[in-house]
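The residues making up each chain are set out below.
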Amino acid sequence: MLLALSVAVVAGYVEVYVEDGPDLDGLHIYTWDGREWTPVHVTYVPEYINTYITAAGQWAQMPYYDMSRYILQIPREALTHSPPDTPPGLEKWTLEVQNGTRKAVVELAVGKTPITKENLTLTTWYALGDQPPKTPHRGKFINPPRSPPKNNEAAGEVGTTSHAVSPGTTIYPIGSLYFQPVKVSGWFNTYVPVDTPVGDNMMCGLLEMHWVGFEVQNFTVGVKVSGTINYGTLTLEFYNLDTCTLITTYSTPLPSSGRWTNIDVQPPQNSQIGIRIHASGYAPSDATIDVYIAARYMKTVNNLAQVATTKATTDFPSSVSSRNRDRIALLFGPYVAYDGLAATAAGTTYSYIYVPPHSARLRWTGQHCPPLMVYYYINGIAYTQRSIAPATPSPANGYCRYDVSSTVLQLWARGYAISKTQSKGGEITISAAYDVRRSPDVTISFNDNLEIVYHRWIEPFHSNYIDSSTGKPLGEWGYELLRGTYQVLGLTNLNMTSEIRISNSQIALSLAHNQLDPTRHICGAEWAVTVPVFGPSLYYGGRWVEEPLWARLGRGLLDVVGWLATLSRSSVFSIVVNVVYNIFETASGSASVDSSNGLYIVRWIKGWAEPPQPTVVVLLNPASSPPSRHAEWRYFREGHSAFPWACIIASPRDVNTNIYLPTDGTRQWSFAKIWTWRGQTSIVTDVLTIHAR
Amino acid sequence: MSRFLFFVSFLFLLFFSYWVGDGVLYPLGAGVFLALFYLVLVGLVFFFHVVPSVGRRVLEAAVLVGLFAAFYIYPPLSLTAIPAALFVLLYPVHLGGGTASLKT
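What counts, and where the lines are drawn
- Residues numbered from 1 in each chain as written.
- Chains lettered and ligands numbered in written order.
- Predicted model: local features only at pLDDT ≥ 70, side-chain atom pairs only at ≥ 80, totals over all residues.
- Heavy atoms only, no water.
- Helix = DSSP H or I, 4+ residues; strand = E, 2+ residues; numbered from the N terminus.
- Buried < 20%, exposed > 50% of the residue type's maximum accessible area, 1.4 Å probe, protein only.
- Areas by Shrake-Rupley, 256 points an atom, 1.4 Å probe, with all protein chains shown as cover.
- Pairing = 2+ DSSP bridges.
- Axes fitted to C-alpha atoms, helices over the stretch in contact; angles between N-to-C directions.
- Expected span 1.5 Å × (residues − 1).
- Phe/Tyr/Trp six-rings, centres within 6.5 Å; stacked < 30°, edge-to-face > 60°.
- Salt bridge = Lys/Arg side-chain N within 4 Å of Asp/Glu carboxyl O.
- Parallel < 35°, antiparallel > 145°, perpendicular 65-115°, else oblique.
- Left-handed = near helix turned anticlockwise from the far one by under 90°.
- Contact = heavy atoms within 4.5 Å.
- Core = buried A, V, L, I, M, F, W, Y, C linked by side-chain atoms within 4.5 Å.
- Buried area = accessible area lost by both parts, 1.4 Å probe.
- Polar contact = N/O pair within 3.5 Å; in protein donor to acceptor, adjacent residues only side chain to side chain.

Draft legend 1. View of the overall build of chain B. Broken down by element type, chain B carries four helices and one strand. Burial status across chain B gives 48% buried among its 104 residues. Looking at chain B as shown, the accessible area adds up to about 5300 Å², and 78% of this sits on carbon and sulfur atoms.

Now the structure itself:
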């Protein structure tokens, strides 16, 4: 056992590469370094696959993780020291480490409860690696305490009916807490600033307090350190905001790079929780610390108005071709990962991902067509795989054809939470990879678009909250909540996000997009909803759109001319006057509402004298007493500029998602929670800032 | 020639109106519409006669399009669309009247 293994690449550590290892999700792992138990950090190893990014129309090498291949960072001394008894609450795992012909055995202590040392919690940090393993050390668990879970067995296809939330359901929503990056140098001792759009960051008299809310279960904390930090410590301070008392603190050594960990604290369920993050240490030169937190809650759905629906889609090109590649993948996304994804206790979610039927055509020189393996990944993490039989047993005209039937996948809470710990707000991507065996000619053809639909918890209250004015569980707190979102990723790098926010007093339809080329941009949009609305007003990036003076003057002059036209009763006169009137009328942006058969069509058209607008908001007044608390968002369509001729409105895109309207009431709520679950709760004026999430 | 001018510009006008369809006309579109409309009117006024200086009439239509295109560069210039509209409406009538007086 006492073999002298070479010094690792990382000073003081040996990097051990494990293949087909057990799932380490949520575990803390320790090894004995001769003096104490030391955490073993885990870096998942990617497989890079040539990937066609559908929204960009470009190929790129993208990393994919099956989560069973990872590098364990083990202190060098652990290879030469036998540990004492495993600490209570932890299991003993044995890892065989091999370097060529030399072998060593390392004993690990593994469990869900971390070891504490004085005030520090010794946390195992996880990371998504960005390169294949270079270490010569190979590891193998020789007595895996549980069978290695196959990632692709955990969930296969899901029924299309399982994605909907119903009243009475207990859900585990996942949301983000938002902090700003903090720059440090020299000895530092600072609180990480809260990222609040209104600058309000004080609660209970304490600065940089982030409101978290009721019924908090646990946290996944991601930390990214850019630069070098020594003796770094990260401390999470949990407060009861109802009593303004400190509940507990969680201090852990600061990781050296982008990593995440799960933190279980037991905050009181019926109190508002706040969190402050403190960072300290020494930075020899300028360094930046980013902290991202995904918080998991437990909520009971009392009313469907507490739940919103998010939908996203990608337009697919008719076909994608590839030559001489072993494996190729198609990537859909990235989509916005809106906060509040409704998960279950088992880690599945109320969502579905529809991967449309498609066909693959491979040039093949063999006598028999082999089956085609298709692998599905969500957020780069392996989900499931399928073996597709060829349409004909032998090649026809030198080609094997495969008809890949449609499939329905589901988001996993784990991948979603990991994504939220890697960057602000996170993202969702869907990939399908194909083993194409270096075929000289591969074509994959789709005839439909991929779609994602998921349900989100949108209100920040306690499950048992009852609005005193209405006696109903859902309160009206004067802020508009995000009740419907639709993201379209199109060809030519089009990224378009439309959101519907609703309160009792206002409805806001918004559009953000990236098509700003003067010769080819989004010049209009149309929303079809069943919410009775009237009185539209238009805003660009929070600024009310005003008609220019010269356009007003022109319209006034034409009114006079039009009056003459009335006298002349000439239709020729009217046509010409109307065309010119149209020039003045369309100089600045306009918003209008038409209704027919209970469908309300809201239309925005950009003014020709305006530059392309990246963010557009149409504010509307709802009918005082809508006929139903249930509404639908039927379709959305955008206008493309046929510059400089006209704005041509495209064909409708089916949205067909439900919107449940809030119950009546006038109760106002705390100002504090507007920056939590950003994009879902927002004050009236801030609703115009549609980029914020 | 006048009938040819009328039918061709009328056909283009119909096609253009159909193409714009549900959308909104911007100045250049309006300029093209008015230029075609001007040629239709000229063709109509001189349907049974000879259009005087056909080349010049087509040039006037082209200038109209150019003028409307210039609105994008300096939007307040679009106020000139009002006299341009009067020109489109009245100049064919004026041309028709002038020709008629020459004939008499």
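Draft legend 2. Highlighting the sheet that holds strand E5 (residues 47-53) of chain A. Residues and elements named next belong to chain A. Spatial ordering of the open sheet is given by E6-E5-E27-E35-E31-E32, a layout of six strands whose pairing is mixed. Only two strands of the sheet have a single neighbouring strand rather than two, namely strand E6 (58-64) and strand E32 (381-388). Averaged over all pairs of adjacent strands, the angle between strand axes in this sheet comes to 30°, irrespective of strand direction. Note that strand E31 (residues 372-378) and strand E35 (residues 427-439) share five bridges and pair antiparallel. In the sheet register, Val 374 faces E35, and the bridge partner there is Tyr 434.

Draft legend 3. Molecular detail of helix H3 (residues 571-585) of chain A. A rise of 1.5 Å per residue sets the reference length of H3(A), with its 15 residues, at 21 Å; its end C-alpha atoms lie 20 Å apart and thus fit the reference within 8%. Those residues of H3(A) that sit buried are A:Phe573, A:Val576, A:Val577, A:Val579, A:Val580, A:Tyr581, A:Asn582, A:Ile583 and A:Phe584.

Draft legend 4. The arrangement of the packing of aromatic side chains in detail. Residues and elements named next belong to chain B. A full pass over the atoms with the stated rule returns 28 aromatic pairs over all chains. Judged by centre distance (5.3 Å) and plane angle (75°), the rings of Phe 6 and Phe 7 are edge-to-face. When its relative accessible area of 13% is taken as the criterion, Phe 6 is described as buried. Seen in terms of ring centroids, Phe 6 and Phe 47 are 5.6 Å apart; in terms of plane orientation they differ by 90°. Their pairing is edge-to-face. In this pair, Phe 6 sits in helix H1 (residues 2-20) while Phe 47 sits in the loop between helix H2 (27-45) and helix H3 (54-69), placing the two residues 41 residues apart along the sequence.

Draft legend 5. Summary view of the sheet that holds strand E30 (residues 358-363) of chain A. Residues and elements named next belong to chain A. An order of E26-E36-E30-E33 is seen for the four strands of this open sheet, with the pairing classed as antiparallel. Sheet topology places strand E26 (319-322) and strand E33 (399-404) at the edges, where each strand pairs with a single neighbour. Direction aside, neighbouring strands of the sheet carry axes that sit 15° apart on average. Of the strand pairs in this sheet, E30 and strand E36 (residues 442-446) are connected by five bridges, and their pairing is antiparallel. Each residue of the ladder has a partner; that of His 358, found in E36, is Phe 446.

Draft legend 6. How the structure looks around the pattern of salt bridges. Residue and element names in this part refer to chain A. Evaluation of the coordinates by the stated rule reveals 22 salt bridges over all chains. Of the charged contacts, one joins Asp 33 and Arg 35 as a salt bridge, the two residues approaching to 3.8 Å between their closest N and O atoms. On the basis of relative accessibility, which here comes to 9%, the residue Asp 33 falls in the buried class. Overall, the relative accessible area of 65% leaves Arg 35 in the exposed class.

Draft legend 7. Here's a closer look at the packing of H3(A) against H2(B). Across the interface, H3(A) lies against H2(B) with an axial gap of 9 Å and an inter-helix angle of 165°. Judged on the interaxial angle alone, H2(B) and H3(A) are roughly antiparallel. Of the two possible hands of crossing, H3(A) and H2(B) adopt the one that is left-handed. Across from A:Val572, A:Ile575, A:Val576, A:Val579, A:Val580 and A:Ile583 in H3(A), the residues of H2(B) making contact are B:Pro27, B:Ala30, B:Phe33, B:Leu34, B:Phe37 and B:Leu41.

Draft legend 8. Local environment of the nonpolar core. By size, the foremost hydrophobic cluster in this structure holds 51 residues, and its most contacted members are A:Leu558, A:Val580, B:Phe33, B:Leu34, B:Tyr38, B:Phe68 and B:Val88. Counting residues per element, the ones that place at least two in this core are helix H2 (549-568), H3 and strand E49 (646-649) of chain A together with H1, H2, H3 and helix H4 (81-103) of chain B. Considering every element that reaches this core, the biggest residue donor is H2(B), with twelve residues. Excluding residues that lie within four positions of it along the chain, B:Phe68 makes contacts with A:Ile583, B:Pro27, B:Ala30, B:Gly31, B:Leu34, B:Ala81 and B:Ala84.

Draft legend 9. Structural view of the pairing of strand E23 (residues 273-297) of chain A. Residue and element names in this part refer to chain A. E23 sits mainly inside the fold: 20 of its 25 residues count as buried. Bridge count for strand E14 (residues 170-177) against E23 is four bridges, and the pairing is antiparallel. Paired with Gly 175 across the bridge in E23 is Ala 295. Bridge count for strand E15 (residues 182-191) against E23 is nine bridges, and the pairing is antiparallel. Directly across from Phe 188, in E23, lies its bridge partner Gly 281. Direction of pairing for strand E18 (residues 210-213) relative to E23: antiparallel, over a ladder of three bridges. When the sheet's bridge partners are listed, His 210 is paired in E23 with Ile 275.

Draft legend 10. Spatial organisation of the interface of chain A and chain B. Taken residue by residue, the interface counts 30 residues in chain A and 29 residues in chain B. Buried area between chain A and chain B, summed over both chains or domains, comes out near 2700 Å², and the portion from carbon and sulfur atoms is 82%. Applying the counting rule to chain A against chain B returns zero salt bridges. Counting the contacts that link chain A with chain B gives one residue pair in polar contact (both at pLDDT 80 or more). At the level of elements, H2, H3, strand E46 (599-605), strand E48 (630-642) and E49 of chain A are the ones that each hand at least two residues to the side of chain A that touches chain B.

Draft legend 11. Up close: the pairing of strand E47 (residues 615-622) of chain A. Residues and elements named next belong to chain A. The buried fraction of E47 is high, at seven of eight residues. Bridge count between strand E40 (residues 507-513) and E47: six bridges; the pairing is antiparallel. For Ala 508, the partnering residue across the bridge sits in E47 and is Leu 619. As defined by bridge partners, strand E43 (residues 533-540) adjoins E47 across six bridges and the pair is classed as antiparallel. Bridging from a neighbouring strand, Tyr 539 pairs with Val 617 of E47.

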